[in-house]
Each structure stands twice: as C-alpha cells, then as structure tokens.
Amino acid sequence: MKKEKLVIVGSGPAGYTAAIYAARANLNPLIFAGTLPGGLLTQTTHVENFPGFPEGVTGFDLVQNMQQQAERFGTRLEYDEVIEFKLTDGGVQTLVLSSGETIEAEALILATGASPRYLGIPSEERLKNKGVSACATCDGAFYKDVPVVVLGGGDSAMEEALFLTRFASKVYVIHRRDQLRASRIMTERAKTNPKIEFVWSSTVEEIIGERKVSGIRIKNNKTGEISTVECSAVFVALGHVPNTEKFRQFIDTDASGYVILKENSAKTKLKGVFAAGDCADPSYRQAISAAGMGCRAAIDAERYLEE
Ligand code: NDP
C-alpha cells in the first residue's frame with residue numbers, strides 16, 4: 001500500500017495546474033493521467049482563447065507544456081487509471097488502480113473531466129469506429145473527398161465541422177433546433193464556409209450502414225418528414241457528460257452528475273477531497289476556467305494539509 005500526501009486524478013488543464021501549484025508548495029503531488037492523458041484538449045485543434053498565446057497554440061502542445069511545467073517542480077506522473085474510490089470525511093482517501101495497487105492519500109483532487117455525449121441509439125453503438133466518431137481531429141483525415149455529417153449545434157460542432165472541411169467534399173451539420181448554441185464567432189465562420197450545409201430542426205432516427213457508415217436517416221421535427229443524408233462518417237458533437245460515476249456515491253453532484261462545490265471554493269462536502277475542471281463545471285467548461293479551478297483546488301488542499 002502506497003501512502004501519499006496529495007493525489008490528483010486527471011491530467012487535463014485542471015489536473016496539471018493543481019499539480020504545478022501543489023508541487024511548488026512542496027506537497028510532492030502524484031498525478032494519475034487516466035484513460036486519456038492530457039484530457040480533451042489533446043483532441044482539439046487550435047486553441048485561440050488561452051491567454052498568453054497571441055498566435056494560438058495546439059491543444060496538444062498546450063497540455064504538453066503544462067505537463068513539463070508540473071514535472072519541472074517535481075510532480076510525479078503515472079499512466080494508470082483509478083478504478084475505485086473509497087472516500088472519507090477528513091480521513092484517508094483510498095484509491096484502487098487498474099494495476100491492482102492501492103494508494104492512500106491524505107488529500108485528493110478530482111480533475112477527471114468529461115467525456116463526449118452520444119445519442120445512445122443502437123446503430124450509433126454498432127458503427128462506432130466504423131464511421132461514427134466523437135473526434136474529428138483523430139479521424140477526420142480518413143474521409144477525404146466524401147460527404148460527412150456533424151451532429152450538434154454548439155461550439156464543438158462548429159469546430160469539428162470547420163476542421164472537417166479540410167478533407168471532406170461536404171459537411172452537413174444536423175441540429176435538433178433552428179438556432180445554434182455556438183458562440184457568434186464560431187457560428188459566423190461555419191455559416192460562411194461554402195462546404196458546410198446546415199440541416200435544421202432534425203433529429204436522428206438511425207445511422208445507416210452494415211460494416212461502415214453510408215448515411216443517416218433524420219426526421220424533421222417540425223414537419224415530421226423523414227429523409228436520408230448520404231455520408232461516409234458521422235461526427236458526434238453533442239456536448240459532454242462529467243466523469244464522476246466512480247465517486248458520485250461519496251459526494252454531492254447535480255442532476256447531470258457534475259460535482260457540487262462549496263461556495264467560492266474547490267471543496268466537496270468531504271474534508272480533504274477537492275474537485276476542479278470540467279467534472280465540477282456545468283457552465284463554463286473552458287481550458288482556462290479549468291486551469292483556474294485547478295489552482296483553487298491546490299491552494300485549498302494546501303490549506304487543508306497545513307491544518
Ligand atoms: P454544448 O453543450 O454547448 O452543445 C451541445 C450541442 O449538442 C447543443 O447544440 C445541443 O442541442 C446538442 N445536443 C445535446 N444532446 C443532444 C441530443 N441528445 N440530440 C441532439 N442534439 C443534442 O457542448 P459543446 O461541446 O459544443 O461545448 C461545451 C463548452 O465548450 C461550451 O462552453 C463551448 O463554448 C466550449 N467550447 C468552446 C470552443 C471554442 O471556443 N473554440 C470549442 C469547443 C467547445 P441544443 O442546442 O438544442 O441544446
């Protein structure tokens with residue numbers, strides 16, 4: 001059984017910022033990278049709104065810089081996954097790793113992020129990795145000179161659609177309403193791109209294809225009309241769900257599963273357990289706000305450990 005002072009679970013901007021602060025405060029943090037080291041930032045293309053990078057920076061480079069900065073001050077990084085949490089109020093926090101090892105921590109920062117939301121229909125599940133993807137950066141280049149579909153009306157959907165115009169012959173954005181949720185700047189870029197065509201007020205009935213995607217059947221929810229859009233891939237950009245199911249039983253979460261923090265802090269209802277980033281943020285979910293939350297969590301953890 002390994003005993004640690006401070007463990008951070010998750011290696012996105014929240015986890016790494018917490019690690020930078022904690023390491024500089026001599027807390028000797030141990031960070032578990034989880035199933036997607038670097039977090040969702042590694043799957044975005046260009047980040048233009050993180051302060052300090054006037055020309056923008058790739059998500060991958062940004063998170064790698066954060067990792068190097070955390071390691072420079074002595075953060076230890078392990079590429080293992082925490083599969084079980086046993087959390088207590090002010091006592092020892094116990095974590096079981098996928099390797100079978102058990103870790104005991106005096107303080108814990110949960111920075112587990114969020115995962116893509118899927119439609120949850122059988123044809124989508126069956127065709128995952130056969131044309132259904134939640135990551136245009138990862139899979140977009142496979143679809144050169146063919147039509148593709150993006151589902152969703154938020155900033156992620158616009159970003160995915162714009163990225164896909166580099167490869168695809170045509171990008172259909174299918175949205176369930178007749179108004180986008182995306183920011184004005186992203187909406188403007190998508191609407192003025194000649195390769196992007198919007199299909200409004202439509203919900204997905206079925207993704208078509210035997211061994212790979214060949215189309216998508218949609219229903220116009222104003223007229224009831226059913227139609228088919230031919231495409232070779234469907235990119236799902238329907239927002240995210242917080243990765244909190246493994247520890248939800250111990251702390252308070254909202255109806256969507258986001259960790260509820262004590263007002264003006266990174267504290268959960270358990271003393272010694274803190275949370276930061278997308279897993280605890282139902283409203284902003286930006287790299288910079290996650291980093292800010294990581295900073296708060298490290299300072300709260302430091303104060304707790306000092307007490
Ligand atoms: P959002 O929650 O903003 O958008 C999700 C979209 O998916 C909405 O349009 C929603 O429809 C639709 N949707 C959700 N569930 C379903 C469903 N079951 N069936 C059909 N449609 C569905 O998530 P994003 O990932 O786009 O963005 C998350 C956050 O990250 C935001 O704060 C965003 O600003 C930020 N972001 C910023 C970027 C940038 O600035 N470049 C890039 C990417 C993300 P409806 O609108 O009807 O609810």
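Note that the coordinates shown come from a computational prediction; the quantities given were computed from them, not determined experimentally.

Reading guide: rules and limits
Residues numbered from 1 in each chain as written. Predicted model: local features only at pLDDT ≥ 70, side-chain atom pairs only at ≥ 80, totals over all residues. Heavy atoms only, no water. Axes fitted to C-alpha atoms, helices over the stretch in contact; angles between N-to-C directions. Helix = DSSP H or I, 4+ residues; strand = E, 2+ residues; numbered from the N terminus. Parallel < 35°, antiparallel > 145°, perpendicular 65-115°, else oblique. Left-handed = near helix turned anticlockwise from the far one by under 90°. Contact = heavy atoms within 4.5 Å. Nonpolar A, V, L, I, M, F, W, Y, C, P; charged D, E, K, R; others polar. Pairing = 2+ DSSP bridges. Phe/Tyr/Trp six-rings, centres within 6.5 Å; stacked < 30°, edge-to-face > 60°. Buried < 20%, exposed > 50% of the residue type's maximum accessible area, 1.4 Å probe, protein only. Lys NZ or Arg CZ within 6 Å of the ring centre and 35° of its normal.

**Q** How do you make sense of the packing of helix α1 (residues 13-24) against helix α2 (residues 59-72) when you look at a structure like this?
**A** Relative orientation and spacing of two packed helices are given, respectively, by the angle between their axes and the distance between those axes. For the pair α1 and α2, the least separation of the axes is 8 Å and the interaxial angle reads 20°. The pairing of α1 with α2 is recorded here as roughly parallel in orientation. In the packing of α1 onto α2, the handedness of the crossing is left-handed. In this structure, α1 contributes P13, Y16, A19, I20 and A23 to the contact, and α2 contributes V63, M66, Q67, Q69 and A70. Tallied by class, residues from the contact of α1 with α2 come to eight nonpolar, two polar and no charged.

**Q** Would you mind showing me how to read the sheet that holds strand β14 (residues 202-208) here?
**A** What holds strands together in a sheet is hydrogen bonding between their backbones, with the strands either parallel or antiparallel. Sheet architecture is open: three strands sit in the order β14-β15-β16, paired in antiparallel fashion. Two strands lie at the open edges of the sheet, namely β14 and β16 (226-230), each paired on one side alone. With strand direction ignored, the average angle separating the axes of adjacent strands in the sheet is 30°. For β14 and strand β15 (residues 215-220), the ladder comprises six bridges, and the chain directions are antiparallel. Its bridge partner lying in β15, S202 is registered against N220.

**Q** What exactly am I supposed to notice about the packing of aromatic side chains here?
**A** Given two aromatic rings, their pairing is described by the distance between the two centres and the angle made by the two planes. Per the counting criterion, the structure on display carries seven aromatic pairs. Ring centres of F142 and Y143 lie 6.5 Å apart, and the angle between their planes is 90°; this geometry places the pair in the edge-to-face category. Judged by relative accessible area, F142 falls into the exposed class, the value being 63%. For Y143, a relative accessible area of 16% corresponds to the buried category. Chaining the aromatic ring pairs together yields one cluster made of F142, Y143 and F235. When the ring centre of F73 is taken as origin, the NZ or CZ atom of R24, which lies over that ring, is 5.1 Å away. Between K128 and the ring centre of Y118, over which it is positioned, the NZ or CZ distance is 4.0 Å.

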